Amino acid sequence: MTEVANIIEVNAIFKHFRTKAENISVINDVSFNVLSGESVTILGESGCGKTTLLSLIAGLDRPDQGDVIWNGLNIKCLSDNKLAIRRSKFLGFIFQDFCLINEISVLANVLLPSMLAKKDICSAKSRAHELLKSLGISSKFNSLPNLLSGGERQRVAIARAMINNPAVIVADEPTGNLDEKTGASIMKMILDLCDSDRISLVLVTHNNRFAAMTDRVYKLSDGSLARVG
Ligand SMILES: Nc1ncnc2c1ncn2[C@@H]1O[C@H](COP(=O)(O)OP(=O)(O)OP(=O)(O)O)[C@@H](O)[C@H]1O
Ligand SMILES: [Mg+2]
């Protein structure tokens, strides 16, 4: 039997924030792993630290202590520049508030990670068109993002996260701003794309029905992560 590798390992990480008023311990000794091709949900109340945890997993922020390991590589060893380049190839991040650039077209937004990863522009463009088509927004490739609906913007964010064929997608409440029906169709698109390309998924959602569609479910509470499904 072949052993399935950990695509992500998080070992005993801690993160606190110091503000003028207080010192908040947000992530407190969290460890978990994601297998290659596996989907994992993180649930938790607003403000409990879900976005913080995803940012640490994605190397957008660094833990105070502990290790984040991407496919065997401890990202502690990488400079910020090297980490950004490695991230663009390894992982796609779907942000809670889309984070699209409104001054450039949908296509240019989707292509951004491929430019950072120095991918061949012709194959990146054809992949972008393919993704926009499979997400049902191919006619919008030349539009500016702020002229799109919320659901359309979310699909652009998904295409951008998928453009470099990453090993992992990290999705922070990708259906949070959408009605139930649009949210369900976006969720299905993410799961189908991950499934067909064997991409691992780390999902944050408040929706238990979407959580149940993933392989494992964790709850973050008081800085600790516990498996609940
Ligand atoms: N850069 C920062 N500086 C200070 N405090 C921060 C910072 N980032 C997050 N926090 C605090 O850390 C806590 C967790 O925030 P986080 O955004 O991770 O929560 P969340 O679980 O994603 O919430 P939501 O479900 O509302 O998106 C909050 O109390 C927040 O105010
Ligand atoms: Mg959040």
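The sections below set out a description of the structure shown in this document. (Residues numbered from 1 in each chain as written. Chains lettered and ligands numbered in written order. Predicted model: local features only at pLDDT ≥ 70, side-chain atom pairs only at ≥ 80, totals over all residues. Heavy atoms only, no water.)

### As for the coordination of the magnesium ion (ligand 2)
Okay, so step 1: Donor atoms from the polypeptide that coordinate the magnesium ion (ligand 2) comprise T51 (OG1) and Q96 (OE1), at 2.0 to 2.5 Å from the metal. Taken together, the residues T51 in helix 1 (residues 50-57) and Q96 in the loop between strand 6 (91-94) and helix 3 (106-116) connect sequence positions 45 residues apart. (Donors = N, O, S within 2.8 Å, 3.2 Å for Na, K, Ca; no water. Helix = DSSP H or I, 4+ residues; strand = E, 2+ residues; numbered from the N terminus.)

### Side note on unusual backbone geometry
Okay, so step 1: A positive phi is found at D29, a non-glycine position, where the angle reads about 65 degrees.
Okay, so step 2: Within the secondary structure, D29 sits in strand 2 (residues 23-35).
Okay, so step 3: In this structure, N71 is a non-glycine residue whose phi angle is positive, near 45 degrees.
Okay, so step 4: With respect to the helices and strands, the residue N71 is situated in the loop between strand 4 (65-70) and strand 5 (73-74).

### Comments concerning the site of ligand 1
Okay, so step 1: For ligand 1, the set of nearby residues contains 14 residues, the closest of which are S46, G47, K50, T51 and T52.
Okay, so step 2: A distance of 2.8 Å separates an oxygen atom of ligand 1 from a polar backbone atom of G47.
Okay, so step 3: Taking C48, its main chain carries an N or O atom lying 3.2 Å from an oxygen atom of ligand 1.
Okay, so step 4: Starting from 640 Å² of accessible surface for ligand 1 in isolation, the protein chains cover 63%.
Okay, so step 5: The biggest single contributor to the shell around ligand 1 is helix 1, with three residues.
Okay, so step 6: A per-class count over the shell around ligand 1 returns three nonpolar, eight polar and three charged. (Near = heavy atom within 4 Å. Polar contact = N/O pair within 3.5 Å; in protein donor to acceptor, adjacent residues only side chain to side chain. Areas by Shrake-Rupley, 256 points an atom, 1.4 Å probe, with all protein chains shown as cover. Nonpolar A, V, L, I, M, F, W, Y, C, P; charged D, E, K, R; others polar.)

### Some points on the sheet that holds strand 2
Okay, so step 1: Here we have four strands laid out as an open sheet, ordered 2-1-4-5, and antiparallel in their pairing. Of all the strands in the sheet, the pair left with one neighbour each is strand 2 and strand 5.
Okay, so step 2: Bridge count between strand 1 (residues 6-18) and strand 4: five bridges; the pairing is antiparallel. Counted as the bridge partner of V10 is V68 from strand 4.
Okay, so step 3: The sheet contacts of helix 1 involve strand 1, strand 2 and strand 4, and relative to strand 1 the element is tilted by about 125 degrees.
Okay, so step 4: Lying over the sheet, helix 2 (residues 80-90) contacts strand 1, strand 4 and strand 5, oriented at roughly 50 degrees with respect to strand 4. (Pairing = 2+ DSSP bridges. Contact = heavy atoms within 4.5 Å. Axes fitted to C-alpha atoms, helices over the stretch in contact; angles between N-to-C directions.)

### Examining the pattern of salt bridges
Okay, so step 1: For the structure shown, the criterion picks out nine salt bridges.
Okay, so step 2: With a closest N to O distance of 3.7 Å, R127 and D197 form a salt bridge. Linking R127 in helix 4 (residues 121-134) with D197 in helix 6 (residues 180-197), this pair joins segments that are 70 residues apart in sequence.
Okay, so step 3: Judged by its relative accessible area of 11%, R127 falls in the buried class.
Okay, so step 4: D197 gets classed as partly exposed once you look at its relative accessible area, which sits at 34%.
Okay, so step 5: One salt bridge in this structure joins E152 and K140, with 4.0 Å as the shortest N-O distance. Taken together, the residues span a long stretch of sequence, with E152 in helix 5 (residues 150-162) and K140 in the loop between helix 4 and helix 5 at a distance of twelve residues.
Okay, so step 6: On the accessibility criterion, E152 (17% relative accessible area) is buried.
Okay, so step 7: Residue classification places K140 among the partly exposed positions, given a relative accessible area of 27%. (Salt bridge = Lys/Arg side-chain N within 4 Å of Asp/Glu carboxyl O. Buried < 20%, exposed > 50% of the residue type's maximum accessible area, 1.4 Å probe, protein only.)

### Some remarks on the nonpolar core
Okay, so step 1: If you look at the biggest cluster of nonpolar residues, it comprises 35 residues, and the most contacted ones within it are I94, V110, I158, M162, I169 and L201.
Okay, so step 2: Counting only elements with at least two residues in this core, the list comes to helix 3, helix 4, helix 5, strand 7 (168-172), helix 6 and strand 8 (200-204).
Okay, so step 3: Aside from chain neighbours lying at most four places away, what touches M162 is R127, L131, I169, I190, L193, C194 and I199.
Okay, so step 4: Counting residues in hydrophobic clusters, the runner-up holds 32 residues, among them I42, A58, I75 and V204. (Core = buried A, V, L, I, M, F, W, Y, C linked by side-chain atoms within 4.5 Å.)

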